[in-house]
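# Observations on the model geometry
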Amino acid sequence: MSKKICFSIKDLNLFYGDFHALKNINIDILKSEVSAFIGPSGCGKSTFLRSLNRMNDLLTDCSIKGKILFNGENIYKKYNVNVLRKKIGMVFQKPNPFPMSIYDNIAFALKTHGIKDKERLDSCIEESLRDVGLWKECKDKLKQNALKLSGGQQQRLCIARSISIKPEVILMDEPTSALDPIATLKIEELITKLKKDYTIIVVTHNMQQACRISDRTAFFLLGEMIEFASTQSIFTKAKDKRTQDYINGKFG
């Protein structure tokens, strides 16, 4: 059975003032897959990622033309931005736990979306921590300040916070770039595990990582999406010479 489309992007152009940051992006992203965005710094991949849950709305000089359809609905016409961000979570490059307890980090997200019953909070927090492999490590220190966790644990906590409200999509902007190899491996294993329940889109500079974790890969260059195909195809028989040159290390 063919997979359903999660996002359908049509003729997307994004500007920062007069700067044309994204140029005529057309792409369909499928549900329950990991899609990786690769390309050199400044190529537009993070800008595109942030467009998918309207994070770019926070920038006063940003303007967008074209359509971003999520489950067939235009996110700029059919969705309240708070409802949209409940459905589309975000994990950033640097772990950003709140300066509060491990428990309260996740409880904060749940309470923001109307869950305040203590028994339900406890259940949701345990489930989220189990899903990211943190429950055994943290169950006896839930009241400890989250900033005392290691970098890798902090990032997994941020993922737990994101999935606690049961989004449909998780956006990840270079989620392992600040982590050591062991912590990176745990996050990669977690991404592979989570894709059965979530659509995951990852921006990464690490091409080996894209190979390991993604089903499909998009290559961005100078604001354009040059090529989007199965990860195996991109890395073994890319159609565009610019994609081939980037993957072979000739620039970037």
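Look above for the structure.
All figures in this text were calculated on a predicted structure; none of them were measured in a lab.

So, on to the packing of helix α3 (residues 102-112) against helix α4 (residues 118-131). As a packed pair, α3 and α4 sit with axes 10 Å apart at the nearest point and diverge in direction by 115°. As judged from the angle between their axes, α3 and α4 are roughly perpendicular. In terms of crossing hand, the pair formed by α3 and α4 is right-handed. For the pair α3 and α4, contact is made by Ile102, Tyr103, Ile106, Ala107, Leu110 and Lys111 and by Lys118, Leu121, Asp122, Cys124, Ile125, Ser128 and Leu129, respectively. Taken together, the residues of the contact of α3 with α4 break down into nine nonpolar, one polar and three charged.

Looking now at the packing of aromatic side chains. If you walk through the whole model with that rule in mind, you get eight aromatic pairs. An aromatic cluster of at least three residues, connected via ring pairs, comprises Phe7, Phe70 and Tyr79. The positively charged end of Lys143 is found above the aromatic ring belonging to Tyr103, 4.2 Å away from the centroid.

This part takes up the nonpolar core. Judged by nonpolar contacts, the single largest core of 37 residues is most densely connected at Leu129, Ile159 and Ile200. The set of elements that each furnish at least two residues to this core consists of α3, α4, α5 (135-138), α6 (151-163), β7 (169-173), α7 (181-194) and β8 (199-203). Looking at this core, the element that brings in the most residues is α3, giving six residues. Apart from the residues lying within four places of it in its own chain, the contact partners of Leu129 are Ile102, Ile106, Leu134, Trp135, Leu142, Leu157 and Ala160. Core analysis: the next-biggest nonpolar cluster, separate from the first, contains 30 residues, Leu12, Ile25, Ile88 and Ile201 among them.

Strand order in the open sheet made by the six strands is β6-β7-β8-β3-β9-β10, with mixed pairing throughout. Across the chains shown, the open sheet's two edge strands, defined by having one partner strand only, are β6 (88-91) and β10 (224-230). Across the sheet, the axes of successive neighbouring strands diverge by a mean angle of 15°, strand direction being ignored. Bridge count between β6 and β7: four bridges; the pairing is parallel. Counted as the bridge partner of Gly89 is Ile170 from β7. Those strands touched by α6 are β6 and β7, and its axis lies near 170° from that of β6.

Calculation criteria
Residues numbered from 1 in each chain as written. Predicted model: local features only at pLDDT ≥ 70, side-chain atom pairs only at ≥ 80, totals over all residues. Heavy atoms only, no water. Axes fitted to C-alpha atoms, helices over the stretch in contact; angles between N-to-C directions. Helix = DSSP H or I, 4+ residues; strand = E, 2+ residues; numbered from the N terminus. Parallel < 35°, antiparallel > 145°, perpendicular 65-115°, else oblique. Left-handed = near helix turned anticlockwise from the far one by under 90°. Contact = heavy atoms within 4.5 Å. Nonpolar A, V, L, I, M, F, W, Y, C, P; charged D, E, K, R; others polar. Phe/Tyr/Trp six-rings, centres within 6.5 Å; stacked < 30°, edge-to-face > 60°. Lys NZ or Arg CZ within 6 Å of the ring centre and 35° of its normal. Core = buried A, V, L, I, M, F, W, Y, C linked by side-chain atoms within 4.5 Å. Buried < 20%, exposed > 50% of the residue type's maximum accessible area, 1.4 Å probe, protein only. Pairing = 2+ DSSP bridges.

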